[in-house]
Amino acid sequence: MQRIPICVAYDVDGRIREDFPSGGELKRARPVIEHLPGFSRDISACRSWQSLPQAARDYIGFIERALGRDFAYISVGAAREEIILR
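The sections below set out a description of the structure shown in this document. (Residues numbered from 1 in each chain as written. Predicted model: local features only at pLDDT ≥ 70, side-chain atom pairs only at ≥ 80, totals over all residues. Heavy atoms only, no water.)

An ideal rise of 1.5 Å per residue puts 20 Å on 14 residues; helix α2 (residues 54-67) measures up with 20 Å between its terminal C-alpha atoms. Here α2 has its buried residues at Ala55, Ala56, Arg57, Ile60, Gly61, Phe62 and Glu64. Elements that come into contact with the buried residues of α2 comprise β1 (3-12), β3 (29-37) and β4 (73-75). Count one or two residues on from α2 and you reach Gly68, which has phi positive near 70°. (Helix = DSSP H or I, 4+ residues; strand = E, 2+ residues; numbered from the N terminus. Expected span 1.5 Å × (residues − 1). Buried < 20%, exposed > 50% of the residue type's maximum accessible area, 1.4 Å probe, protein only. Contact = heavy atoms within 4.5 Å.)

Written out as structure tokens, the structure is:
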């Protein structure tokens, strides 16, 4: 992907909120999207943090900051060994 869209909040009747709207608000909610740079390189052979493209590291960092948690494992494929330990 050239750019990775990420929903960071919802606009409900002109009010920005970060929690997921429910009930009748859900029908009126519009996603607030931020875009991060994408990457087109196959990362399934990456086995270290440093071997990931910078855009992939930035994407993971964005999600970690949003969740307030660091990831211990990063999957780069479907096979058991296609993982990065941090």
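That covers the picture; the talk isn't over yet.
Looking now at the sheet that holds β3. Across the sheet, which stays open at both edges, the three strands sit in the order β2-β1-β3 with antiparallel pairing between neighbours. Where the open sheet ends on each side, the last strands, each with one partner, are β2 (15-17) and β3. Sheet twist, expressed as the mean angle between neighbouring strand axes with direction ignored, is 45°. As defined by bridge partners, β1 adjoins β3 across nine bridges and the pair is classed as antiparallel. Paired with Ile4 across the two strands is Leu36, which belongs to β3. Sitting on the sheet, α2 is in contact with β1 and β3, with an inclination near 145° to β3. (Pairing = 2+ DSSP bridges. Axes fitted to C-alpha atoms, helices over the stretch in contact; angles between N-to-C directions.)

Turning to the pattern of salt bridges, a few remarks are in order. Tallied over the full model, the rule gives five salt bridges. A salt bridge links Asp19 to Arg17, with the shortest nitrogen-to-oxygen separation between them at 2.6 Å. The class for Arg17 is buried, based on a relative accessible area of 12%. Each of Arg15, Arg17, Asp19 and Glu25 takes part in one network of salt bridges that share partners. (Salt bridge = Lys/Arg side-chain N within 4 Å of Asp/Glu carboxyl O.)

So, on to unusual backbone geometry. Positive phi outside glycine occurs at Asp13, with the angle close to 55°. Relative to the helices and strands, Asp13 is located in the loop between β1 and β2. Exposure remark for Asp13: the relative accessible area of 54% places this residue in the exposed category.

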